[in-house]
Amino acid sequence: IRSLKSFSKCSKLRELYIRKNLIADLYELKHLRECKDLRLLWIEDNPCTRIENYRLHIIKILPQLTKLDNILITTEEREQADKMFSQNKLTLRLPKRIHSFK
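Residues numbered from 1 in each chain as written. Predicted model: local features only at pLDDT ≥ 70, side-chain atom pairs only at ≥ 80, totals over all residues. Heavy atoms only, no water.

Draft legend 1. Expanded view of helix 2 (residues 75-86). Taking 1.5 Å per residue, twelve residues should reach 16 Å; helix 2 reaches 16 Å between its end C-alpha atoms and fits that length. All buried positions along helix 2 are accounted for by Glu 77, Ala 81, Met 84 and Phe 85. Along the axis of helix 2, the buried residues cluster in a sector spanning 85°; they form a single face. Summarising the geometry of helix 2, the exposed residues directed more than 90 degrees from the buried face are Thr 75, Glu 76 and Lys 83. (Helix = DSSP H or I, 4+ residues; strand = E, 2+ residues; numbered from the N terminus. Expected span 1.5 Å × (residues − 1). Buried < 20%, exposed > 50% of the residue type's maximum accessible area, 1.4 Å probe, protein only. Arc of directions from axis to C-beta.)

Draft legend 2. Quick peek at the environment of Leu 41. When you line up the elements, Leu 41 lands in strand 2 (residues 40-42). Residue classification places Leu 41 among the buried residues on the basis of a relative accessible area of 0%. Along the backbone, Leu 41 and Ile 58 are 17 residues apart, and their C-alpha atoms lie at a distance of 9.5 Å. Leave out the neighbours within four places in its chain, and Leu 41 touches Leu 16, Ile 18, Leu 29, Leu 32, Ile 58, Leu 62, Leu 65, Lys 67, Leu 68 and Asp 69. (Contact = heavy atoms within 4.5 Å.)

Draft legend 3. Broad picture of unusual backbone geometry. Within the chain, Asp 45 stands out as a residue other than glycine whose phi angle is a positive 70°. Tracing the sequence through the fold places Asp 45 in the loop between strand 2 and helix 1 (54-61). Positioned with a positive phi, Asn 70 is a non-glycine residue whose angle comes to about 65°. By the element assignment, Asn 70 lies in the loop between strand 3 (67-68) and strand 4 (71-72).

Draft legend 4. Spotlight on the confidence of the model for the protein chain. Scored by pLDDT, the protein chain comes out at a mean of 88, with 84% of its residues at no less than 70. In this model, residues 95-102 is a region of pLDDT below 50 whose contacts with residues beyond four sequence positions or in other chains number 24 contacts. (pLDDT = per-residue confidence, 0-100.)

What follows is the structure, encoded as structure tokens:
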């Protein structure tokens, strides 16, 4: 899998296991923003997880998640993501692009 676009219409999706694929750009996660029931995402071992602070990026992009890469998302991580991106006016610096997620 290289793109998450095909998941954008899966509004009832609760869990997504996409480990060991070819997702290189965190920007692909924008396609999951409409998956309001998504609680668990396992994206480990994709190229995008080599990006510094990728967990905080994902937590900010997909605040409905409760578990990421089989690790519970803590209140402290949410606060850290909020703080990190409030300093940057919610601008996430993603590979090849700069996008704002509000």
